[in-house]
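Architecture and fold: a report
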Number of protein chains: 2
Amino acid sequence: MLDEIGSLCPPRRILLGPGPSNVEPRVYEAMRTPIVGHLDPYFFEVAEDVRKLLQVVFGTKNQFTVAISGTGSAGMEAAVANFAEPGEKFAILANGYFCDRITEMARRYGAEVVRLEKPWGQPFSDDEASSFILRERPKVVAFVHAETSTGARQDGAAICRAAHEVGALVIADCVTSLGGMPVEVDATGIDIAYSCTQKGLSCPPGLAPLTVSDRAMGVLRARQGVPRTWYLDLKMLDDYYQGAHRYHHTAPITMFYALREALRVVVEEGLEARWQRHRRNHLGLVAGLEAMGLTMHVAEPYRLWMLNTPCVPEGIDDARVRRRLIESHGIEIFGGFGPLAGKVFRIGLMGASSTQENVLLLLEALEGAMRAEGYKPAGSGVEAAESFFAAHAA
Amino acid sequence: MLDEIGSLCPPRRILLGPGPSNVEPRVYEAMRTPIVGHLDPYFFEVAEDVRKLLQVVFGTKNQFTVAISGTGSAGMEAAVANFAEPGEKFAILANGYFCDRITEMARRYGAEVVRLEKPWGQPFSDDEASSFILRERPKVVAFVHAETSTGARQDGAAICRAAHEVGALVIADCVTSLGGMPVEVDATGIDIAYSCTQKGLSCPPGLAPLTVSDRAMGVLRARQGVPRTWYLDLKMLDDYYQGAHRYHHTAPITMFYALREALRVVVEEGLEARWQRHRRNHLGLVAGLEAMGLTMHVAEPYRLWMLNTPCVPEGIDDARVRRRLIESHGIEIFGGFGPLAGKVFRIGLMGASSTQENVLLLLEALEGAMRAEGYKPAGSGVEAAESFFAAHAA
């Protein structure tokens, strides 16, 4: 059997898809650190460090700031399962795939779901969001801050204002924004925010950062009964990570080491500097794509800095282009899906993958792959991006 | 902030508690391997290797053999949430803490739970188990093969026979047996078995190996409706890992690398040889403990080879003994909890931690710590264990 299953030997990949991003070398090193037990005082020191570092990155003072022992979708399910009460109204601002996933989870947990819908990639205006929330008067409102399926950002301030006016809690999906663009949980008024480790934080996937406001923890503590889920029960996780350190599950210790180191890298770079790096590389990429003649799916003010969605030109098969990129350069980008299948590329510039070098490499490789598929670029993407970078010093 | 939160610097620990065990050095090395994307063909090759290796270790031909993206308790919740139907009878053979945890989960998911109870650490006889199941005629029967809270093993064959006679599926918790003692899913007749990575497999915690029989998958596929949990929905995981490779969540790729390497280590050693190593070290430890005058909580035929529960002698404070072990030797062992609080030590000899050297080291350290607490050993534990090991060559 071991003749067939030898040593690991993955192909070299430059990860420019919607996540995971390339992992920081220091994070790999941290993962070699010998583990301690899940109830060892040292483990709780590490969890406490992670809490403090996540508070900085989330922009929050929330005491309940933890990493859930699963991937980003486990963070989403923790948020939904603990706050969607059976039969209570749960409102979703739906304009992309991850909004639909929240919908599916909220229905499974028995909530009465109401949705305001827009085409994938079109954000809701303050008025649209507010009037929906004030009319529906739900118990919970959920929105996706950075939609990985579309590349669009949704502002949260008006949503939070309207939700709090009707006494609702707000859940924000920050899976694709954390660590690469401002999240600002407290300033925005978000009650529950969750994310992942493998995008803006450039750590391998395996944990879901999550933060809950004191107000939302109060709602949770006041509730009779328990959520359906035991593994993701936030009150039990609160008892494990804080307070009594009561045994719940065996936390993935090595992943905590990894996340701690990834967050140290973020704080060392500085949040503001990190955001500007992501913004600059995003703008350089867009300059290059537009010079080639591509148009962006998302209107300019709402584009994510970490995920770019240029439209696939008429007559070009995006899957063939992507195959060329991976086969000749080892570069992973993704296509669209759902209503955007075949219509957009999804190009991530996240965490350690967001570099000027990667932008230029991708533009060159993409131009070659598109030409090979019969596309005639309007101009040189690489030159346009180089000009942009020269004019906008890092 | 980074003044306070410096480089990782954990204390050195010899992990002889109920898990995690010390990690195989090769597994740490595997975790440095650069990641690929979660939909990369190479990732699915790795997942397929993991499937084949897990089949060997579980003793099964089940096609649906995967690693769930969470820790052992996520495996438990996946088993319960997918197979406990609201209002249907779910029978539990309850003789330890993890049986109670299954009970709690099954109730949360709406099952009508019936329990046959015995004191913690006392296994059910074939007759007891069979007559309970034949009388209750449940849809699902759950038992804990190796109870981490008590150190007792529960045979599954009679349970499976009776369950299948009434058309019930059988769930077995193999969290503390997999990789250290025979599990034999197919030969026993188990339908759903789950485990963890951080005990007998000596991989860090973070994944939950899980296997489901074709028969149980048939039951699942025939069901109308969906389980409450989305993250742990086994039909969706089946679509992701096998078949269409439809995107579900971003699997923790580095943990898959780690588990693959840990399983390669197990198969290289040979399952039978690995079991015998665990058995020999367990017997050597028991010889030593008994020579010191300690008695074992579990009757001889039912003792786990991976988790030993000597009784704490009258008048000795187990917490003080454990503190001495960790402070002077860096050795982690655990105490009992629930009805066994203060009454037993829980000493793990799991995976890479199960060595003759660790047995002798622990006996020496334990004897010293107990003496310091006023205990007068009947004889030398180290000498008894050395005689045992000399008489029973590895």
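Since this is a predicted model, take the numbers as computed values, not measurements.

Observations regarding the overall build of chain A
- Scanning chain A from terminus to terminus reveals 14 helices and 14 strands.
- Since a compact globule built from 394 residues should have a radius of gyration of about 21 Å, the 21 Å found for chain A is in line with a globular shape.
- Taken along its principal axes, the extent of the C-alpha atoms in chain A is 65 × 55 × 45 Å.
- Across the 394 residues of chain A, 60% fall into the buried class.
- In chain A, the share of contacts with a sequence separation of at least 24, taken over all contacts with a separation of at least 6, comes to 73%.

Some points on the pairing of strand E10 (residues 208–212) of chain B
All names here are of chain B.
- Most of E10 is tucked away, with 5 of its 5 residues classed as buried.
- Side chains of E10 alternate between two faces, with Ala208, Leu210 and Val212 and Pro209 and Thr211 buried alike.
- One ladder, built from 5 bridges, connects strand E2 (residues 64–68) with E10; its direction is antiparallel. Within the sheet, the bridge partner assigned to Ile68 lies in E10 and is Ala208.
- Pairing between strand E9 (residues 192–194) and E10: 3 bridges, direction antiparallel. By the bridge assignment for E10, Ala193 is matched with Thr211.

Some thoughts on the environment of Val382 of chain A
Residue and element names in this part refer to chain A.
- Among the structural elements, Val382 can be located in helix H14 (residues 381–391).
- Each C-alpha atom of the pair Val382 and Leu360 lies 5.7 Å from the other, and the pair is 22 residues apart in sequence.
- Filtering out sequence-adjacent residues up to four positions away, Val382 remains in contact with Gly288, Leu360, Leu363 and Glu364.

Section: unusual backbone geometry
Residue and element names in this part refer to chain A.
- In this structure, the amide linkage connecting Gly19 to the following residue, Pro20, adopts the cis form with an omega of 0°.
- The topology assignment puts Pro20 in the loop between strand E1 (14–15) and helix H1 (25–30).
- With phi around 50°, His245 is a residue other than glycine that occupies positive phi space.
- Taking the C-beta count within 10 Å as the criterion, His245 has 15 such neighbours and is therefore assigned partly exposed.

Observations concerning the domain arrangement of chain A
All names here are of chain A.
- What the domain assignment reports for chain A is domain 1 (25–268) and domain 2 (271–391).
- Placing the centre of domain 1 and that of domain 2 at their C-alpha centroids yields a distance of 29 Å.
- In this complex, domain 1 contributes 24 residues to the contact, which on the side of domain 2 involves 23 residues.
- Among the elements of the structure, helix H2 (41–58) and strand E7 (152–153) are those that each provide at least two residues to the side of domain 1 that touches domain 2.
- In terms of residue class, the side of domain 1 that touches domain 2 is made up of 11 nonpolar, 11 polar and 2 charged.

A word on the pairing of strand E5 (residues 140–144) of chain B
Residue and element names in this part refer to chain B.
- Counted residue by residue, E5 has 5 buried out of 5 residues, so it is predominantly covered.
- The alternating pattern of E5 places Val140, Ala142 and Val144 and Val141 and Phe143 on opposite faces, both of which are buried.
- As judged from the 3 bridges shared by strand E3 (residues 89–94) and E5, these two strands associate in the parallel manner. In the strand pairing of E5, Phe90 is matched with Val140.

With respect to the environment of Glu357 of chain B
Residues and elements named next belong to chain B.
- Here Glu357 shows up in helix H13 (residues 356–372).
- Residue Glu357 is classed as exposed on the basis of its C-beta count, with 9 C-beta atoms lying within 10 Å.
- Through-space distance from the C-alpha of Glu357 to that of Pro86 is 50 Å; in sequence the pair is 271 residues apart.

With respect to the sheet that holds E9 of chain B
Residues and elements named next belong to chain B.
- Spatially, 7 strands are ordered E2-E10-E9-E8-E5-E3-E4 in an open sheet, and the strand pairing comes out mixed. Of all strands in the sheet, those bounded by a partner on one side alone are E2 and strand E4 (112–117). Each strand axis lies, on average, 15° off the axis of its neighbour in the sheet, ignoring direction.

Criteria and thresholds
- Residues numbered from 1 in each chain as written.
- Chains lettered and ligands numbered in written order.
- Predicted model: local features only at pLDDT ≥ 70, side-chain atom pairs only at ≥ 80, totals over all residues.
- Helix = DSSP H or I, 4+ residues; strand = E, 2+ residues; numbered from the N terminus.
- Rg over C-alpha atoms; globule rule 2.2 N^0.38 Å.
- Buried ≥ 20, exposed ≤ 12 C-beta atoms within 10 Å, placed from the backbone.
- Contact = placed C-beta atoms within 7 Å.
- Pairing = 2+ DSSP bridges.
- Domains from an automatic or database assignment.
- Nonpolar A, V, L, I, M, F, W, Y, C, P; charged D, E, K, R; others polar.
- Axes fitted to C-alpha atoms, helices over the stretch in contact; angles between N-to-C directions.

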